[in-house]
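What follows is each chain in one-letter form.
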Amino acid sequence: MDTSVKVVDGVHWVGVRHPDLKVFDDLFPTRNGTTYNSYLVQGAEKTALIDTVKEPFAEEFFSKVGEHVDPAKIDIVVVNHTEPDHSGAVAQVIEKNPNVQIYCSKAAENFLKQLLNRSFNAVIVSDGDEVDLGGKTLRFILAPYLHWPDTIFTYLVEEQLLFPCDAFGAHYCPDKLFDDEINEFYTDFHFYFDCIVRPFKDKVRDALKKCEGLPIRMVCPSHGPIRRSSGQFAIESYARWCAAPSNDGKPKALLAVLSSHGNTRDMAKVIETELFAQGLDVTTFALSDMRDDDYRDALEQADVLLIGSPTIQRDAPPQVWHALALISSVTPKSRLGAVFGSFGWSGEAVKMIEQRLTGLKYKLVADGITFRFTPTTENMDTCRKFAEQVAHTVLCEE
Ligand code: FEO
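Residues numbered from 1 in each chain as written. Predicted model: local features only at pLDDT ≥ 70, side-chain atom pairs only at ≥ 80, totals over all residues. Heavy atoms only, no water.

Novice: I'm lost on the domain arrangement of the chain in this one. Help?
Specialist: One frequent convention defines the size of an interface as the accessible area lost when the parts assemble. According to the domain assignment, the chain contains domain 1 (5-241) and domain 2 (252-397). Across the contact, 6 residues belong to domain 1 and 8 residues belong to domain 2. When the buried surface of domain 1 facing domain 2 is broken down by residue, Asp194, Arg198 and Pro199 rank first, second and third, together holding 81% of it. The partner of aspartate 297 in a salt bridge is arginine 198, and the shortest N-O contact between them spans 2.9 Å. Counting across the domain 1 and domain 2 interface gives 6 residue pairs in polar contact (both at pLDDT 80 or more). Residues of the side of domain 1 that touches domain 2, tallied by class, amount to 2 nonpolar, no polar and 4 charged. (Domains from an automatic or database assignment. Contact = heavy atoms within 4.5 Å. Buried area = accessible area lost by both parts, 1.4 Å probe. Salt bridge = Lys/Arg side-chain N within 4 Å of Asp/Glu carboxyl O. Polar contact = N/O pair within 3.5 Å; in protein donor to acceptor, adjacent residues only side chain to side chain. Nonpolar A, V, L, I, M, F, W, Y, C, P; charged D, E, K, R; others polar.)

Novice: It is not clear to me how the packing of aromatic side chains should be interpreted in this structure. Could you clarify?
Specialist: In this description, an aromatic ring pair is defined by two values, namely the gap between the centres and the angle between the planes. Counted according to the given criterion, the structure contains 18 aromatic pairs. With a centroid separation of 5.0 Å and 55 degrees between ring planes, the pair formed by phenylalanine 61 and phenylalanine 62 is classed as tilted. Look at phenylalanine 61 and you get buried, because its relative accessible area is 0%. Of the residues examined, phenylalanine 62 reaches a relative accessible area of 10% and is grouped as buried. Seen in terms of ring centroids, tyrosine 186 and phenylalanine 233 are 6.1 Å apart; in terms of plane orientation they differ by 50 degrees. Their pairing is tilted. On the criterion of sequence distance, the pair formed by tyrosine 186 in helix α5 (residues 186-197) and phenylalanine 233 in helix α7 (residues 231-241) is long-range, its members being 47 residues apart. For tyrosine 186, a relative accessible area of 30% translates into the label partly exposed. Phenylalanine 233 gets classed as partly exposed once you look at its relative accessible area, which sits at 33%. These aromatic residues form a ring-pair network of at least three members: Phe153, Phe168, Tyr186, Phe189, Phe193, Phe233, Tyr238 and Trp241. Sitting over the ring of phenylalanine 62, lysine 96 keeps its end group 4.5 Å from the ring centre. The lysine or arginine in question, arginine 227, covers the ring of phenylalanine 189, its NZ or CZ lying 4.4 Å from the ring centre. (Phe/Tyr/Trp six-rings, centres within 6.5 Å; stacked < 30°, edge-to-face > 60°. Buried < 20%, exposed > 50% of the residue type's maximum accessible area, 1.4 Å probe, protein only. Helix = DSSP H or I, 4+ residues; strand = E, 2+ residues; numbered from the N terminus. Lys NZ or Arg CZ within 6 Å of the ring centre and 35° of its normal.)

Novice: Just to check I follow, could you spell out the sheet that holds strand β9 (residues 76-78) for this structure?
Specialist: Strand pairing in a sheet relies on backbone hydrogen bonds, with the paired strands running either antiparallel or parallel. With mixed pairing, 7 strands are arranged side by side in an open sheet as β1-β2-β7-β8-β9-β10-β11. The strands lining the two open edges of the sheet, one partner per strand, are β1 (5-8) and β11 (121-124). Averaged over all pairs of adjacent strands, the angle between strand axes in this sheet comes to 25 degrees, irrespective of strand direction. Sheet topology note: the β1/strand β2 (residues 11-13) ladder contains 3 bridges and is antiparallel. Opposite valine 8, over in β2, you have valine 11 as the bridge partner. Docked against the sheet, helix α4 (residues 106-116) engages β10 (101-104) and β11, running at close to 125 degrees with respect to β10. (Pairing = 2+ DSSP bridges. Axes fitted to C-alpha atoms, helices over the stretch in contact; angles between N-to-C directions.)

The structure is reproduced here in structure tokens:
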């Protein structure tokens with residue numbers, strides 16, 4: 001068991017390391033484990049914890065807190081975000097001190113009620129609210145959807161420390177705590193962003209705007225190293241990765257196609273030609289041979305998504321479902337879509353894909369079209385009209 005680490009005078013890391021973790025939340029692989037960072041801030045009058053740790057690590061956590069203060073004497077817990085890897089020891093803090101104040105967003109209060117199933121003393125914060133611990137002032141910045149609706153950032157005014165919870169974090173468990181004491185971990189930092197934060201790029205832009213002009217000496221996230229020397233780099237990386245999609249040039253169509261026998265591909269070629277003719281740029285992906293990241297980048301730039309799929313065994317093929325699943329891992333530029341495809345026996349895929357797109361809040365800009373075996377000349381005319389209708393709607397939405 002290691003010990004707490006001083007961040008600055010009156011601020012200590014009291015988190016825990018989890019180096020053996022292989023998959024975070026049963027979703028995301030972690031090649032280098034992770035940490036659950038919690039910070040103890042001691043003012044002249046009050047003591048606050050910023051986030052806690054995952055519940056199985058509570059004993060180690062309280063041991064570190066106890067190096068500085070009796071855990072029953074904690075006055076405030078700031079819950080930046082309620083996911084259990086950070087709120088897992090909150091219940092035990094409340095047990096030790098039933099009067100402890102829980103500073104959090106309104107959404108976090110609601111979530112905590114259902115996570116803890118007990119009453120607690122909540123203080124709901126708004127943007128810019130502050131609490132003075134006695135020479136140490138905590139200021140709150142609402143940052144909803146980074147990456148849950150409940151998220152807030154906490155800023156320690158006198159020391160210029162930003163505590164952004166999951167944002168700017170990394171699933172990386174170093175031997176030392178500070179970035180300037182360890183090897184580079186850019187790959188883990190970027191992968192973490194892709195897994196956790198990428199679906200909320202517009203919300204990142206909102207949060208970064210609120211932080212503009214704020215002097216930030218260190219970024220102290222809830223996972224991975226503390227950015228003592230590279231806080232600005234982390235912030236600038238997020239700003240670069242989350243830049244708003246360009247509206248320059250022609251509207252863009254993303255055509256994602258799987259074709260077992262060439263018929264759906266032939267339909268796609270006619271649709272692609274007509275979309276070009278109507279004034280759209282078209283990027284075409286073969287779903288059987290694409291890099292997920294290339295497709296995700298294209299989704300974030302596309303004004304409309306068209307999916308072409310055959311029906312195989314009364315279903316769309318797995319590659320098509322995978323492409324649909326990737327939509328919720330990004331911030332699509334638009335949610336306009338249309339579906340087409342070929343079939344031999346039954347032809348359910350187009351309707352199934354339409355239903356999935358609708359479930360993902362897409363608006364279908366043309367009725368799906370599907371033809372049996374080799375498309376006829378009339379079928380290809382229908383493809384042209386389909387593309388024309390798609391282009392017309394996209395151009396009208398511009
Ligand atoms: Fe690290 Fe969203 O929890």
